[in-house]
Amino acid sequence: MTRVTVDEAARLWHEASDEGLRELARVERARWHEPDRATYMIMRIINYTNVCVAQCDYCAFYVLPGQDGGYVLDRGEVFAKIDELLEVGGDLVGFNGGFNPKLPLDYYCDLFAAVRERYGERVEFYALTIAEFLFLADRAELSYADAAARLRDAGVHWVTGGGSEILTEDFRRRHAKFKYTVAEYFAAQRAIVESGMRTTATMVIGFDETLEERLEHLQRTRDFQDGCLRDGYDGLFSFLCWTYKPYGTALGGREIEPREYWRHIALSRIFLDNVRHVRTSVLTLNDDAFRALDYGADDFDLPIEDEVTQKAGAHIDLDLERLLEIPRKLGYTVAYRRAERPAALTA
């Protein structure tokens, strides 16, 4: 398939039928994966703190320093959550909290080293998001490369591409003015890649973003991956898109319909011709997420907790077998996948 330009992607969005988008996405998906196979993980997002100074207007989770209700989980609470995940057959943890000015980089390095020491290879974890990594490097007055090395030496293998939402400067000025710039985001992510750790791409749709902003996000993501591959790095392992949940947020708004999400997944699969995995969001779409497998997605999480999204209205179904029956009925063989240790860190 010839690489799709931004203008061509816009025309596809406006003019292509659902079936047309679906078929183009299936062709691109088949370049990477067996057409009737999907993979999944069982995971838990541990929100280690809810204190944050970023003040994003689309977040219902945070409290400011000094406000009532703020917390920081102690190590025992973190371990208990991981143990519960193992009991239900999961092995992936995502750590996500926010910009807590009282938690220095040493706090995270000590926590992640303790998790690695206690669980070894039984559990893999996404340590922080790129946005949190930026905040910590800034607070510690370290270069991105030095901050990445600190995390890697503490046993971290993955820093997920969270905190991106929509990667345009206009969007960030409207909704997350205390977050870092798009250029800083990608510079930090490149440092993660060069350190030998792995990372992912993410995107959230359904705010007030325009089609042009969505396509700019996809273009920037593809360009970043092109640069990584050109320089001999694996770059982005996957692209995950989920939908904005508006409940309890300052921004408010309405949820988008599943059909719009499916079409966006198809367009993303067509456009991101250099990223192996496109993932669908069971966390925010629930049963409707699995239809995105027909629109180019090949992988998904079954989450058992994510306080950030749940605070904004997400519902988590803990009947994992019922959920797995949905893609099976759509004609897919589903296989469990582990987040492996990056090759660059394997001695």
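All chains use their own residue numbering, which begins from 1 and follows the written sequence. Selection of residues for local features in this predicted model requires a pLDDT of at least 70, selection of side-chain atom pairs for listing and counting requires 80 or more, and totals for whole chains, interfaces and linings are taken over all residues. Each side-chain value is derived from all of the structure's non-hydrogen atoms; neither hydrogens nor water enter the calculation.

Colleague: Quick one: what's the story with helix α3 (residues 75-87), residue by residue and with numbers?
Modeller: Under the scheme used here, helices are H or I runs from DSSP no shorter than 4 residues and strands are E runs no shorter than 2 residues, and both carry numbers assigned from the N terminus. A helix is expected to reach a length of 1.5 Å times the quantity of its residues less one. Along its 13 residues, α3 runs 19 Å from first to last C-alpha, staying within 8% of the 18 Å computed at 1.5 Å per residue. Between buried and exposed lies partly exposed: a residue is buried under 20% and exposed over 50% of the maximum accessible area for its type, with that area taken using a 1.4 Å probe on protein chains only. Listed in full, the buried residues belonging to α3 are Val 78, Phe 79, Lys 81, Ile 82 and Leu 85. Relative to the axis of α3, the buried residues are bounded by an arc of 160° and lie together on one face. In this analysis, two residues are considered to be in contact whenever any of their non-hydrogen atoms come within 4.5 Å of each other. In the core, the buried residues of α3 are packed alongside β1 (37-46), β2 (92-95) and α4 (105-119). Looking at where α3 begins, the residue whose side-chain oxygen comes 3.0 Å from the main-chain nitrogen of Gly 76 is Asp 74. Looking one or two places after α3, you find Gly 89, whose phi comes out positive at around 95°. Working definition: the arc comes from the directions between the helix axis and the C-beta atoms, pointing outward to the latter. Residues adjacent in sequence count toward polar contacts only when both atoms are side-chain atoms; beyond that, a polar contact is any pair of N or O atoms within 3.5 Å, and within protein one must be able to donate a hydrogen and the other to accept it.

Colleague: Lay out the packing of aromatic side chains in plain terms, naming residues and giving numbers.
Modeller: Ring pairs shown here join Phe, Tyr and Trp side chains whose ring centres sit within 6.5 Å, with only the six-membered ring taken for Trp; geometry is labelled stacked below 30 degrees between planes, edge-to-face above 60, and tilted in between. Evaluation of the coordinates by the stated rule reveals 22 aromatic pairs. On the numbers, 5.0 Å between centres and 90° between planes, the contact of Tyr 107 with Tyr 108 is edge-to-face. Given the relative accessible area of 1%, Tyr 108 is considered buried. With a centroid separation of 6.3 Å and an interplanar angle of 40°, the aromatic rings of Tyr 108 and Phe 112 are classed as tilted. Pair noted here: Tyr 108 and Phe 112 are both in helix α4, with a separation of four residues, about one helical turn. Among the residues examined, Phe 112 registers a relative accessible area of 1% and is labelled buried. Put simply, the rings of Tyr 48, Phe 95, Tyr 107, Tyr 108, Phe 112 and Phe 125 touch in pairs and so form one group of aromatic residues. If you follow Arg 222 out to its NZ or CZ, it ends over the ring of Phe 271, 3.7 Å from the centre. Comment: the charge-over-ring label is applied if NZ (Lys) or CZ (Arg) is within 6 Å of the ring centre and within 35 degrees of the ring normal.

Colleague: So what about the pairing of strand β3 (residues 124-129)? Which residues, and what values?
Modeller: For a regular strand, side-chain orientation follows a simple rule: the groups alternate between the two sheet faces. Along β3, six of the six residues are buried, which leaves the element largely enclosed by surrounding structure. A pair of strands is considered paired only if DSSP assigns at least 2 bridges between the two. Taken together, the three bridges between β2 and β3 define a ladder with parallel strand orientation. Paired with Leu 92 across the strands is Glu 124, a residue of β3. In this region the chain leaves β2, passes through α4 and returns to the parallel neighbour β3; the handedness of that crossover is right-handed. When β3 meets strand β4 (residues 158-160), the two strands line up parallel, connected through two bridges. Across the sheet, residue Tyr 126 finds its bridge partner in β4, namely Trp 158. A crossover gets the label right-handed when its path from the first strand over the helix to the second runs clockwise, viewed with the strands pointing away from the viewer.

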